[in-house]
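# Coordinate analysis (summary)
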2 protein chains.
Amino acid sequence: MEIRLAKNYGFCFGVKRAINIAQNAPGAFTIGPLIHNNEEILRLKNNYNVETLGSVEEAQGIKKAIIRTHGIQKEDLERLKKIGVEIIDATCPFVTKPQKICEEMSAQGYTIIIFGDKNHPEVKGVKSYSLHESVHVVLSIEEIKEINIGKKAALVSQTTRNINEFLKIVDFLVKTCAEVRVFNTICNATFENQDAARELAMNTDIVIVIGGKNSSNTKQLYGIVKEYCKDSFLVENDKELNSSWFTGKKICGITAGASTPDWIIEKIIEKIRKIKV
Amino acid sequence: MEIRLAKNYGFCFGVKRAINIAQNAPGAFTIGPLIHNNEEILRLKNNYNVETLGSVEEAQGIKKAIIRTHGIQKEDLERLKKIGVEIIDATCPFVTKPQKICEEMSAQGYTIIIFGDKNHPEVKGVKSYSLHESVHVVLSIEEIKEINIGKKAALVSQTTRNINEFLKIVDFLVKTCAEVRVFNTICNATFENQDAARELAMNTDIVIVIGGKNSSNTKQLYGIVKEYCKDSFLVENDKELNSSWFTGKKICGITAGASTPDWIIEKIIEKIRKIKV
């Protein structure tokens, strides 16, 4: 069986940067998981003594707090500052951007629409920067229809969403409002990984997407490849591979989320090579 | 043959307002045709002594100038002011809006994209309000691809365009720029007349669109009905009707552009009633 890697996959700029920051801060604690990859979080704990706290409530008494790639809520950041913890900011700069936009646009009186998952920490963080209550998180036209938007709306996206779904929200808003300020905050790595995943899936019999099941961008990749190749599977590690998936397959495509380290990808490829098809 | 009128058609707010202004200004001259309907222009000349000048160059010596519904170019307005003519502004308020947006957004450094016909007086007027040279008039994705837009764009539309075509430009810009300010300046009358024309065309055997052949919104209506009813015809007056069009037809739909007066529509309906099918 031939194994084909997507043209673009895996670690993005923000994740690489955050891991680098964490490796240089032994003894620090991250507020929530640094990135959405449990295996890598474990490696940072074992090799670099960087542990993960569940929330800011647990930060009392710690010396150094690392802000995760997804950012945290404004009020949590303020609480950390108040208790006098040293703050090491590993927020991805592409996430800081929608946070700032949310703050600025709310100050200018725009209704804020965030295209994303309301339970995702990045989105919770961005939302917390609004200076008013007219800030709404939506994933679909159906959700946005429920909102009294008014005449002026500003739209940002969770960095890891799909551009075509984003455009559906844009189109709805343009039809509804007199002015829409659209900030395309979907990051390039997301674009590139998604485009490459699409191309890959079109030309393979099976696709393995590697990444955290809590990772937004990994789930997006999985959604895309599934459209083009029905035999697509999402795994976090090599143990989750099932050899029966590969029976009769000729070309196996591999892609990975932005928070998936190379060492996991390599381990999985090694295991796939050994599977008899 | 049954005759059905579209739910919404004909004179819009801006045209009604302009005609009212003109009727109250006998002896005045309009700079270019007040509205895009030759028959109505003739009526204003004959009954109200309001004549049409080809351009601002011909305004020397006149006392009162009426600004047409479509507005005029900023430099032409300034020239009129300089020669001391009394200015009566019949610019549709929905056209004044994109003019102001163009001015403000150019002052804030946005590249200006105007979705419209570069030869239409409304568009020429809007464009003239830009304070910089980065102002582009486009009708299609192909045209916009040629432009070096930069990171920040502001988009306005000619008031009489089709929303779905506008959204194609929006989508392209959102994919290309970090920020797009979208001003939906397509006027409601345009929306309503277009929606009603679509609904009408779906349920008729023949559609007659009445309006000036130089009228943007009339041409848009014709484009829409043609999609749904192949036997659609655009006429300016009753003389252009051809009885052979109606042979064997059971339901005839009628719609009219925003600058088409009721008296022309009535004349045409009267003539159609007399045609033997």
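Here the structure is shown first, and the text comes after it.
Rules of the game
- Residues numbered from 1 in each chain as written.
- Chains lettered and ligands numbered in written order.
- Predicted model: local features only at pLDDT ≥ 70, side-chain atom pairs only at ≥ 80, totals over all residues.
- Heavy atoms only, no water.
- Least-squares fit on C-alpha atoms with pLDDT ≥ 70 in both.
- Contact = heavy atoms within 4.5 Å.
- Buried < 20%, exposed > 50% of the residue type's maximum accessible area, 1.4 Å probe, protein only.
- Helix = DSSP H or I, 4+ residues; strand = E, 2+ residues; numbered from the N terminus.
- Arc of directions from axis to C-beta.
- Buried area = accessible area lost by both parts, 1.4 Å probe.
- Salt bridge = Lys/Arg side-chain N within 4 Å of Asp/Glu carboxyl O.
- Polar contact = N/O pair within 3.5 Å; in protein donor to acceptor, adjacent residues only side chain to side chain.
- Nonpolar A, V, L, I, M, F, W, Y, C, P; charged D, E, K, R; others polar.
- Pairing = 2+ DSSP bridges.
- Phe/Tyr/Trp six-rings, centres within 6.5 Å; stacked < 30°, edge-to-face > 60°.
- Lys NZ or Arg CZ within 6 Å of the ring centre and 35° of its normal.
- Axes fitted to C-alpha atoms, helices over the stretch in contact; angles between N-to-C directions.

## A word on the relation of the copies chain B and chain A
Each of the two chain copies goes to the other by way of a rotation about an axis and a shift along it. Rotating chain B by 180° about the axis while translating it 0.0 Å along that axis superimposes it on chain A, leaving an RMSD of 0.0 Å. Interpreted geometrically, this transformation is the action of a two-fold axis. Ranked by how close their C-alpha atoms come to the rotation axis, the residues of chain B are headed by Arg181 of chain B, at 2.2 Å. A shared binding surface is used by both copies, with 100% of the interface residues of chain B retained as interface residues in chain A.

## Notes on helix α3 (residues 74-82) of chain A
All names here are of chain A. Lys74, Asp76, Leu77 and Leu80 are the residues of α3 that are buried. Take α3 and look down its axis: the buried residues cluster within an arc of 165°, on one side only. Against β2 (29-31), β4 (64-67), β5 (86-89), α4 (93-107) and α5 (121-128) lie the buried residues of α3. Immediately beyond the C-terminal end of α3, within one or two residues, lies Gly84, with a positive phi of roughly 75°.

## A short note on the interface of chain B and chain A
Accessible area lost on assembly of the parts is the figure often given for the size of an interface. Each partner contributes residues to the interface: chain B has 17 residues there, and chain A has 17 residues. In total, chain B and chain A occlude about 1,500 Å² of area from one another, counting both sides; carbon and sulfur atoms represent 55% of this. For the pair chain B and chain A, the number of links is two salt bridges. In this structure, Arg181 of chain B and Glu179 of chain A form a salt bridge, with 2.9 Å as the shortest nitrogen-oxygen distance. Inspection of the chain B/chain A interface yields ten residue pairs in polar contact (both at pLDDT 80 or more). Of all elements in the fold, only α7 (163-176) and β9 (179-183) of chain B reach the threshold of two or more residues within the side of chain B that touches chain A. The dominant element in the side of chain B that touches chain A, judged by the number of residues it contributes, is α7 of chain B, at eight residues. Classifying every residue of the side of chain B that touches chain A by side-chain character gives eleven nonpolar, two polar and four charged. Inspection of the sheet shows strand β9 (residues 179-183) of chain A paired to β9 of chain B by five bridges, in the antiparallel sense. Following the sheet pairing, Val180 of chain A is matched in β9 of chain B by Val182 of chain B.

## Notes on the packing of aromatic side chains
A full pass over the atoms with the stated rule returns eight aromatic pairs over all chains. Among the aromatic side chains, those forming a connected cluster through ring pairs are Phe233, Trp245 and Phe246 of chain A. The aromatic ring of Phe115 of chain B is capped on one face by Arg161 of chain B, whose charged end is 5.8 Å from the ring centroid.

## Topic: the sheet that holds strand β12 (residues 251-256) of chain A
Residue and element names in this part refer to chain A. Strand order in the open sheet formed by four strands is β1-β12-β10-β11, with parallel pairing between adjacent strands. Strand pairing shows two members of the sheet lacking a second neighbour, β1 (2-5) and β11 (232-235), which therefore form its edges. Pairs of neighbouring strands in the sheet enclose a mean axial angle of 25°, with direction left out of account. Bridging between strand β10 (residues 206-210) and β12 involves five bridges; their strand directions are parallel. Across the sheet, the residue bridging to Val207 is Gly253, located in β12. On top of the sheet, helix α8 (residues 188-202) reaches β1, β10 and β12; it is set at about 170° to β12, its chief contact.

## Some words on the pairing of β12 of chain A
Residue and element names in this part refer to chain A. Within β12, six of the six residues are buried, which leaves it mostly tucked inside the rest of the structure. Residues of β12 alternate between two faces, with Ile251, Gly253 and Thr255 on one and Cys252, Ile254 and Ala256 on the opposite face, all of them buried. Both β1 and β12 contribute to a ladder of four bridges, which runs parallel. Of the residues in β12, the one forming a bridge with Leu5 is Ile254.

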